[in-house]
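# Structure assessment
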Amino acid sequence: MSKTIFVLNGPNLNMLGKREPGIYGGKTLADIEADCKAAGAELGLTIDFRQSNYEGDLVSWLHEAADKAVGVAINAGAYTHTSVALHDAIRAISPIPVIEVHISNVHAREEFRHKSMIAPACKGVICGFGPHSYILALQALKTITQ
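Residues numbered from 1 in each chain as written. Predicted model: local features only at pLDDT ≥ 70, side-chain atom pairs only at ≥ 80, totals over all residues. Heavy atoms only, no water.

Applying the stated criterion across every chain yields a total of five salt bridges. The shortest N-O distance in the salt bridge between K27 and D35 comes to 2.2 Å. For D35, a relative accessible area of 29% translates into the label partly exposed. In this structure, the salt-bridge partner of R50 is D48, at a minimum N-O distance of 2.8 Å. Accessibility expressed as a relative area gives 15% for R50, which makes it buried. Among the residues examined, D48 registers a relative accessible area of 23% and is labelled partly exposed. Among the ionic contacts, a cluster of salt bridges with common partners joins D48, R50, E64 and K68. (Salt bridge = Lys/Arg side-chain N within 4 Å of Asp/Glu carboxyl O. Buried < 20%, exposed > 50% of the residue type's maximum accessible area, 1.4 Å probe, protein only.)

Put into structure tokens, the structure is as follows:
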């Protein structure tokens, strides 16, 4: 039986492929979704992939994950660095494991990106491996939800 993993994406990730390709690469979010679904199939996971530019959507989807998913990979975009609401939502769905994901190495970028509001509530953080960061998160979730 397949396990469902929510893959949640925050603001501006819908602009991948157009937005700063030197930092984020040329893949679109649709490309990353296809990669995640293919990797999920290989891992025996069902991937529920979503994106919103609205913080409240991400909070609601985290709440939904408590009843419908065994784990969550979240690229909260800029909300990573600002959102107490996402931090609290992640804590509220414990023990569902949540992994923070970033395409770029946020620690090699602007100082304001070095602080994550959600990392203390997450099981782990994967960053800096380009779009492959998502696949690494799925592999980790597969391992910790067995």
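This is not the end of the story, as more comes after the structure.
Our focus in this paragraph is the pairing of strand β4 (residues 98-102). Judged by how many residues are buried, β4 sits mostly within the fold: five of five residues are covered. With burial as the criterion, each face of β4 is covered, one bearing V98, E100 and H102 and the other bearing I99 and V101. For strand β3 (residues 71-75) and β4, the ladder comprises three bridges, and the chain directions are parallel. Residue pairing across strands places I74 opposite E100, the latter belonging to β4. (Helix = DSSP H or I, 4+ residues; strand = E, 2+ residues; numbered from the N terminus. Pairing = 2+ DSSP bridges.)

Strand pairing in a sheet relies on backbone hydrogen bonds, with the paired strands running either antiparallel or parallel. Pairing is parallel across the open sheet formed by five strands, whose spatial order is β2-β1-β3-β4-β5. Two strands close off the open sheet at either side, each with one partner strand: β2 (45-51) and β5 (124-127). Strand after strand, the sheet turns through a mean of 20° between neighbouring axes, direction not considered. Note: strand β1 (residues 3-9) against β2, seven bridges, orientation parallel. In the sheet register, T4 faces β2, and the bridge partner there is T46. Against the sheet, helix α2 (residues 29-43) engages β1 and β2, with an angle of about 165° to β2. (Axes fitted to C-alpha atoms, helices over the stretch in contact; angles between N-to-C directions. Contact = heavy atoms within 4.5 Å.)

Here we come to the UniProt feature "active site" (unreviewed entry) in the protein chain. The positions that UniProt labels "active site" (unreviewed entry) are, in the present scheme, Y24 and H102. Across 79 residues of sequence, these annotated residues stay compact in space, with a maximum C-alpha separation of 9.5 Å. Residue placement: Y24 occurs in helix α1 (residues 21-24). Using a relative accessible area of 8% as the deciding quantity, one classes Y24 as buried. Not counting residues within four places of it along the chain, the set of residues in contact with Y24 comprises L16, R19, I103, S104 and R109. In this structure, H102 is in contact with N75, T80, I126, C127, G128, G130 and S133, ignoring residues within four places of it in sequence. (UniProt positions renumbered as here; feature names shortened; annotations may be inferred.)

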